[in-house]
Amino acid sequence: MSSKKPSKSNPDKHNLNTRLTRIGNHPLDFHGFVNPPVFHASTVLFPDYETMRTRNQKYTYGTRGTPTSDALCEAIDDLEGSAGTVLVPSGLTAVALPMLAYLNSGDHCLVVDSVYEPSRNFCDRVLARMGVEVEYYDPLVGADIAGLIRENTKVVFTESPGSNTFEMQDIPAICEAAHEGDAIVMMDNTWATPLYFKPIDHGVDVSIHALTKYPGGHSDLVMGSVSANEKCWKQLIGTHGAMGLCGNGDDAYLVLRGIRTLGVRLDYHQKSALEIARWLDDHPGVSRVLHPALPGDPGHEIWKRDFCGSSGLFGMVLKDATPEQAGKFLDALTLFGLGYSWAGYQSLAVIPNLSDRTIAKEPTDGIMIRLQIGLEDTADLITDLDQAIKTAGLG
């Protein structure tokens, strides 16, 4: 859990990349070592019976936090502007935990139709079995979501841009309407990270991240975080403890290390992805590019208004491609790995599954490809994409 310990370097007065080197960092607490040690902990000893009886000490058991996990939570709180943060074993757990914290049988939950597929699976399998009614809504609904909110609507779940199809949601308008109906707003903000969008500053109550992605950055860990405002923090931390959830110490250390370079890495991802997206937008083998930072994208104005950057993940539609041609395109790639997850140093390509959608359906003008632009040289990636499109007979 978050310790909210003030940083000795007073990072709030510094610019972003300077802050990233200092948040959650107290070297003098650990004999001057610049990185906090990894605590592998279950049992924590008490000095005497009275302390044990009252649990009147900072750490009491491994699942209740360690200096390693506290350092990471403190860093995330600094970036989010949140009242507190908890760590969980995966990004999907970060979605599930607040749902379970704030929803009860008989409640109504609004979930954006462009939601991350595993999140939808959790809603359909677990929340439905609990007696929670889940309704999927149009990602472009904006303030009109007020018409979907009922007396028993307790949660509005958002994700902007939308998973795989990259629709931009009007988060401030949705928050205003949801709060008028006394509903809690959650947002999966993994795509932008708190560097490029701060959900709580825009009215969101609970901010969710797959730390597996950009904060980790090297495709070698799985972890999630959930951050809440003052209103929602007590219920979140209570449910987190009741479920026995915690983050692995080694992975927390790796995420904290990844945060130190997050600013420079994300800037490179952003610039490379935009260069490649612009090139693809002019390619005869591509019907369209789905990237909200492109001026021609339908969600560009919302992105420009609310966000201060973009990441390395976007989509493209191979023009009039058949499934066989799309498969040839993927097999012809030499620098793009074929694999799930994203935000690591290596570029990836995948055909996302959009068959579960009811509103934000898959494109009809070709086959959708999701691209993760890594840290390779942009010219090499463009050459690879071009030859793969031609090999598939599309350009």
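Residues numbered from 1 in each chain as written. Predicted model: local features only at pLDDT ≥ 70, side-chain atom pairs only at ≥ 80, totals over all residues. Heavy atoms only, no water.

Visitor: Got a minute to help me understand the side chain of Thr212 in this structure?
Guide: Tracing the chain through its elements places Thr212 in the loop between strand 6 (206-210) and strand 7 (224-228). Residue Thr212 is classed as buried on the basis of its relative accessible area of 13%. Among the polar contacts listed, one links the side chain of Thr212 to the backbone nitrogen of Met223, at a separation of 3.1 Å. Setting aside residues no more than four positions away along its own chain, Thr212 makes contact with Gly91, Gly217, Leu221, Val222, Met223 and Ser341. (Helix = DSSP H or I, 4+ residues; strand = E, 2+ residues; numbered from the N terminus. Buried < 20%, exposed > 50% of the residue type's maximum accessible area, 1.4 Å probe, protein only. Polar contact = N/O pair within 3.5 Å; in protein donor to acceptor, adjacent residues only side chain to side chain. Contact = heavy atoms within 4.5 Å.)

Visitor: Would you mind showing me how to read unusual backbone geometry here?
Guide: For residues that are not glycine, phi is negative in most cases, and the peptide bond is trans in most cases. Put simply, Ser160 and Pro161 share a cis peptide bond, and its omega is 0°. Within the secondary structure, Pro161 sits in the loop between strand 4 (153-159) and helix 6 (171-180). Although it is not a glycine, His31 sits at a positive phi angle of roughly 60°. Along the chain, His31 falls in the loop between helix 1 (16-20) and helix 2 (49-54). Despite not being glycine, Arg55 has its phi angle at roughly 55°, a positive value. With respect to the helices and strands, Arg55 occurs in the loop between helix 2 and helix 3 (67-80). When its relative accessible area of 58% is taken as the criterion, Arg55 is described as exposed.

Visitor: Would you mind showing me how to read the sheet that holds strand 7 here?
Guide: With mixed pairing, seven strands are arranged side by side in an open sheet as 1-7-6-5-4-2-3. Here the strands that pair on one side only, and so sit at the sheet edges, are strand 1 (84-88) and strand 3 (133-137). Averaged over all adjacent pairs, the angle separating strand axes in this sheet is 20°, with direction ignored. Across four bridges, strand 2 (residues 108-112) lies against strand 4 in parallel orientation. Pairing of Val111 across the sheet is with Phe157, part of strand 4. (Pairing = 2+ DSSP bridges. Axes fitted to C-alpha atoms, helices over the stretch in contact; angles between N-to-C directions.)

Visitor: Explanation requested: a nonpolar patch on the surface in the structure shown.
Guide: A surface patch of nonpolar side chains, about 270 Å² in accessible area, is lined by Tyr268, Tyr345 and Leu375. Inspection of the secondary structure puts Tyr268 in helix 10 (residues 262-281). (Patch = residues over 30% accessible without salt bridge, like charges linked within 9 Å, V, L, I, M, F, W, Y side chains within 5 Å. Areas by Shrake-Rupley, 256 points an atom, 1.4 Å probe, with all protein chains shown as cover. Salt bridge = Lys/Arg side-chain N within 4 Å of Asp/Glu carboxyl O.)

Visitor: Hey, could you run me through the sheet that holds strand 9 (residues 313-319) in this one?
Guide: Hydrogen bonds between backbone groups are what pair the strands of a sheet, and the pairing can be parallel or antiparallel. The strand order across the open sheet formed by four strands is 8-9-11-10, and the pairing between neighbours is antiparallel. Where the open sheet ends on each side, the last strands, each with one partner, are strand 8 (286-290) and strand 10 (348-350). Strand-to-strand twist in this sheet, taken as the mean axis angle between neighbours without regard to direction, amounts to 25°. In the packing of helix 10 onto the sheet, contacts are made with strand 8, strand 9 and strand 11 (366-372), and the angle to strand 9 comes to roughly 15°. Packed on one face of the sheet, helix 12 (residues 323-332) meets strand 9, strand 10 and strand 11 and runs near 25° to strand 11.

Remember, this is a structural readout, not a statement about activity or role.
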